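# Chain and residue survey
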Amino acid sequence: MTLFKCNGCSRKVEFLWLDQLDTPEGFKAYQCTSCGAVGIKNIVDAETVPDSEVSRCIKCGDWQFRELPCHTCALIRSK
Ligand SMILES: [Zn+2]
Ligand SMILES: [Zn+2]
């Protein structure tokens, strides 16, 4: 079992990946098995990334790599 960071509930939970949904580059659709939230997940959370390399975006609150621009904010801007 692989745990991921959920923005909706506890910090690390198991996700179901909804591969049938189209998602932008760098994102995957998921459903949280804990709170049931469905959303688009930044792949930063899908990979096995050490906590030391990720942080929460100060703008949107999603997880991001410390050294890279926030994927979620980039997606919001592109809409
Ligand atoms: Zn959740
Ligand atoms: Zn952001």
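### Topic: the overall build of the chain
Scanning the chain from terminus to terminus reveals two helices and six strands. Secondary structure elements in the chain, listed N-terminal to C-terminal, are β-β-β-β-α-β-β-α.

### Some thoughts on the sheet that holds strand 3 (residues 27–32)
Taken in spatial order, the four strands make up an open sheet running 1-2-3-4, and their pairing is antiparallel. Two strands lie at the open edges of the sheet, namely strand 1 (3–5) and strand 4 (38–42), each paired on one side alone. Averaged over all neighbouring strand pairs, the angle between strand axes comes to 65 degrees, with direction disregarded. Pairing geometry for strand 1 and strand 2 (residues 12–17), over three bridges, is antiparallel.

### Observations concerning the pairing of strand 4
Examined bridge by bridge, strand 3 and strand 4 share five bridges and lie antiparallel to one another. When the bridges of strand 4 are listed, Ala29 appears paired with Ile40. Hairpin connection of strand 3 to strand 4: five residues between the antiparallel strands, including Gly36 at a positive phi of 80 degrees.

### Some thoughts on the confidence of the model for the chain
Should the pLDDT be low somewhere, the predicted coordinates at that spot are not to be read in detail. Summing up the model confidence of the chain, the mean pLDDT is 80 and the portion of residues at 70 or higher is 90%. Averaged pLDDT values over the elements of the chain bottom out at 69 in helix 1 (residues 43–46) and peak at 86 in strand 5 (residues 54–56).

### Notes on the environment of Ser10
Structurally, the position occupied by Ser10 is in the loop between strand 1 and strand 2. Each C-alpha atom, one on Ser10 and one on Ser34, is 8.1 Å from the other, the two residues being 24 residues apart in sequence.

Calculation notes
Residues numbered from 1 in each chain as written. Chains lettered and ligands numbered in written order. Predicted model: local features only at pLDDT ≥ 70, side-chain atom pairs only at ≥ 80, totals over all residues. Helix = DSSP H or I, 4+ residues; strand = E, 2+ residues; numbered from the N terminus. Pairing = 2+ DSSP bridges. Axes fitted to C-alpha atoms, helices over the stretch in contact; angles between N-to-C directions. pLDDT = per-residue confidence, 0-100.

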